[in-house]
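The primary structure of each chain is shown beneath.
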Amino acid sequence: MKIEAIVGSNKKLSYNRKLLQFISKHFTDDEIHINEIKDIPMFNENYPAGEDDHDPELITELAKRIEDADAVIIGCPEYNHSVPSALKSVIEWLSYRIHPLGGKPVMIVGASIHPQGSSRSQTHLREILDSPGVNAEVFPGNEFFLGTAKKAFDENGDLINQGTVGFLEQCFDGFRIYADEIHKFK
Amino acid sequence: MKLVAIVGTNADFSYNRILLQYMKWHFRMAADIEILEVKQLPPFNEDLPDSEQTEVWRFNTKINNADGVIIATPEYDHSIPAALKSGLEWLSFNRDTMKEKPVMIVGVSYGTQGTSRAQQQLRQMLLSPDLNSDVLPGNEVLIGNAAKVFDKNGFVTDINIVHNLETSFTAFNKFVKSNMRYLERGDDNMTEPHISSDAKIQFRTGSLSIKEIQQIFNTLPFEIDFIDANDEFSYFSDKPNREHVRHTAEIGEPVQQCHPPKVWPIVKSIFDSFKLGTQDHVERCLPLNGHKVWINYFAVRDENGKYLGTMEFTGNVGHLVTLVKEGKFDGFPEGADATTGASKHDDAEPEQPAGPAMNAQADATTGASEHSDEDEDKTE
């Protein structure tokens, strides 16, 4: 599968980035490209001020890649029990003038340094992706929460716990079938 | 009661902004509501240096000084706008601005739902440990069909919505007043000192009652702030129409929190020099609130020279300047104070500090006046 992965954080050090890097390295059958959101401006209906309405160039590029992809994976941190504003802002851009996530199979994964592994944030993200403006096809069940992320990776950036790797592979197998079904249905 | 109301969108036009303006007007007898815009804040990023976030500092200070917060949220994709979420992230990252702060949520949408899903998520966010707010339970203000609800002057045209707002605001008013912070702080109305106002204090040069001391301080044509020896803001005189408006919420705060991060190093250098004893006084002339304002920092010491704290002595000297211009002091001897004083007491010379101390004072005074910029003006 051709997959666009989105790092849901604008931080320099992000365990969600590490997780996505591991995923792109581990699932060699798939072509996984990692997208950063750090330089995308905050969503604003009136951006850019005083000019013709258009989306930021980085958003247009990201949307193009998502349209060309079979599926999307989002690595979602948790800030205040919810989705970081930086990620929410990107989804707002992707549901305002253009709707590249519409009908697109999306898998949510998340890492956090706390034991919960971004569970509350993922629940909010599901609600957001399910809203009519976004209209994504969110892969149900299969909640992948990577808690205590500081201890989860070795020096090569690989997940240490083989049980975790096994569960991730199981989620991925399910996601491939799900994405296929979605595409057939379309 | 003082409230801050946050417009939860960065859009140029917003019915949520109009709702808050309406609430500010409609509830003006019950509360002083100040409207803040999340548009003023930069997008949240942990890697940005905190000391440069003057707007975040300003939000933090205003919310700290308020008894409660009203948040008006639109709904974007079943959640709150990223611009509002970003503001909440600033207020909870290395800060506890929203901790135990009473919060009322309201929202307006074009559709029929009235931001119900966004409000649900916002409640959950506000209850997370890092924000830890006291969210008003129940009392939902969900205003749908916005375009039909407000007239062109921003008034609510539907009486049921007015009633819903009034019921919810009354509940919030009660909720704010039962909040622990509010109870501990007391109302801003401080007419009575805490211990018996009949108590007399005996000074070497006479006695005054507590009440008299309080009222003398409040009647002085200059306002007084006192920062104690531990650098905590411990007192301000309750002079009417102060140039620097202070709040009782600031009492006991480290004085660093009362200054924008950029200005703090200069202020700190003044305190440090007072503690070292290299100088006792720094003065600055600033335009403030359209007045000619003379600001003085005095080191306050005990009879042994031990540092007790710093007194900020601030006043509008426009009247004095006018008197000088009108020539009321023309023909008076130059340096009259020292000479007259000295001759009366039959002393040869008033005592002068040593040379280096005088130089240090001159330097520090220049340094302080250099930063008399608008930054200071806006935030103090």
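Please refer to the structure placed before this passage.
Residues numbered from 1 in each chain as written. Chains lettered and ligands numbered in written order. Predicted model: local features only at pLDDT ≥ 70, side-chain atom pairs only at ≥ 80, totals over all residues. Heavy atoms only, no water.

What to know about the overall build of chain A
Assigned secondary structure in chain A consists of five helices and six strands. Overall, chain A shows an N-to-C arrangement of helices and strands of β-α-β-α-β-α-β-α-β-β-α. Looking at chain A as a whole, 54% of its 186 residues are labelled buried. Counting only contacts in chain A whose residues sit at least 6 apart along the sequence, the fraction spanning at least 24 positions is 80%. In the form shown here, chain A has an accessible surface area of approximately 8,400 Å², with 49% of it arising from carbon and sulfur atoms. (Helix = DSSP H or I, 4+ residues; strand = E, 2+ residues; numbered from the N terminus. Buried < 20%, exposed > 50% of the residue type's maximum accessible area, 1.4 Å probe, protein only. Contact = heavy atoms within 4.5 Å. Areas by Shrake-Rupley, 256 points an atom, 1.4 Å probe, with all protein chains shown as cover.)

Here we look at the pairing of strand S1 (residues 2-7) of chain B
All names here are of chain B. Among the six residues that make up S1, six are buried, leaving the element largely enclosed by the rest of the structure. Neither face of S1 is exposed, since Lys2, Val4 and Ile6 on one face and Leu3, Ala5 and Val7 on the opposite face are all buried. Running through helix H1 (residues 15-26), the crossover from S1 to the neighbouring parallel element strand S2 (residues 32-37) is right-handed. One ladder, built from five bridges, connects S1 with strand S3 (residues 68-72); its direction is parallel. (Right-handed = clockwise from strand over helix to strand, strands pointing away. Pairing = 2+ DSSP bridges.)

Considering the packing of aromatic side chains
Two aromatic rings are characterised by how far apart their centres lie and by the angle between their planes. Under the criterion given, the structure shown has 25 aromatic pairs over all chains. Relative to A:Tyr178, the ring of A:Phe139 lies with its centre 5.3 Å away and its plane at 45°, an arrangement referred to as tilted. Of this pair, A:Phe139 sits in the loop between strand S5 (137-138) and strand S6 (144-146) while A:Tyr178 sits in helix H5 (residues 162-185), placing them 39 residues apart in sequence. In terms of burial, A:Phe139 and A:Tyr178 fall into one category: buried. Taken together, the ring pairs in this structure connect A:Phe43, A:Tyr47, A:Trp93, A:Tyr96 and B:Tyr76 into an aromatic cluster. (Phe/Tyr/Trp six-rings, centres within 6.5 Å; stacked < 30°, edge-to-face > 60°.)

Some points on the interface of chain B and chain A
Chain B puts 28 residues into the contact, and the matching count from chain A is 28 residues. Between chain B and chain A, a total of about 2,300 Å² is buried, with carbon and sulfur atoms accounting for 46% of that surface. For the interface between chain B and chain A, the tally reads one salt bridge. A:Lys11 is the salt-bridge partner of B:Glu46, the closest N and O atoms lying 3.1 Å from each other. Counting only elements with at least two residues in the side of chain B that touches chain A, the list comes to helix H3 (82-92) and helix H4 (116-126) of chain B. A per-element tally of the side of chain B that touches chain A places H3(B) first, with seven residues. Partitioned by chemical class, the residues of the side of chain B that touches chain A number twelve nonpolar, nine polar and seven charged. (Buried area = accessible area lost by both parts, 1.4 Å probe. Salt bridge = Lys/Arg side-chain N within 4 Å of Asp/Glu carboxyl O. Nonpolar A, V, L, I, M, F, W, Y, C, P; charged D, E, K, R; others polar.)

Focus: the pattern of salt bridges
One side chain can pair with another of opposite charge once the charged atoms of both are near each other. All names here are of chain B. On inspection of all chains with the given rule, the structure shows 29 salt bridges over all chains. As a salt-bridge pair, aspartate 12 and lysine 39 come within 3.9 Å of each other at their nearest N and O atoms. In this pair, aspartate 12 is assigned in the loop between S1 and H1 and lysine 39 in the loop between S2 and helix H2 (54-64), connecting sequence segments 27 residues apart. Between lysine 200 and glutamate 212 there is a salt bridge, with the nearest N and O atoms lying 3.9 Å from each other. Separated by twelve residues along the polypeptide, lysine 200 in strand S7 (residues 200-203) and glutamate 212 in helix H8 (residues 210-219) bring together distant segments of the chain. Take glutamate 212: its relative accessible area is 35%, and that puts it in the partly exposed class.

Side note on the sheet that holds strand S13 (residues 307-316) of chain B
All names here are of chain B. With antiparallel pairing, five strands are arranged side by side in an open sheet as S10-S9-S13-S12-S11. Bordering the open sheet on either side are strand S10 (233-236) and strand S11 (281-288), each of which pairs with just one other strand. Between one strand axis and the next, the sheet turns by 20° as a mean value, whatever way the strands run. Taken together, the eight bridges between S11 and strand S12 (residues 291-301) define a ladder with antiparallel strand orientation. Bridge pairing links arginine 284 to isoleucine 295 in S12. (Axes fitted to C-alpha atoms, helices over the stretch in contact; angles between N-to-C directions.)

Topic: H1(B)
Residue and element names in this part refer to chain B. Across its twelve residues, H1 extends 16 Å between first and last C-alpha, which sits within 8% of the 16 Å expected from 1.5 Å per residue. Considered for burial, the residues of H1 that qualify are Tyr15, Asn16, Arg17, Ile18, Leu19, Leu20, Tyr22 and Met23. Where H1 begins, one side-chain oxygen reaches toward the backbone nitrogen of asparagine 16, 3.0 Å away; that side chain belongs to serine 14. (Expected span 1.5 Å × (residues − 1). Polar contact = N/O pair within 3.5 Å; in protein donor to acceptor, adjacent residues only side chain to side chain.)

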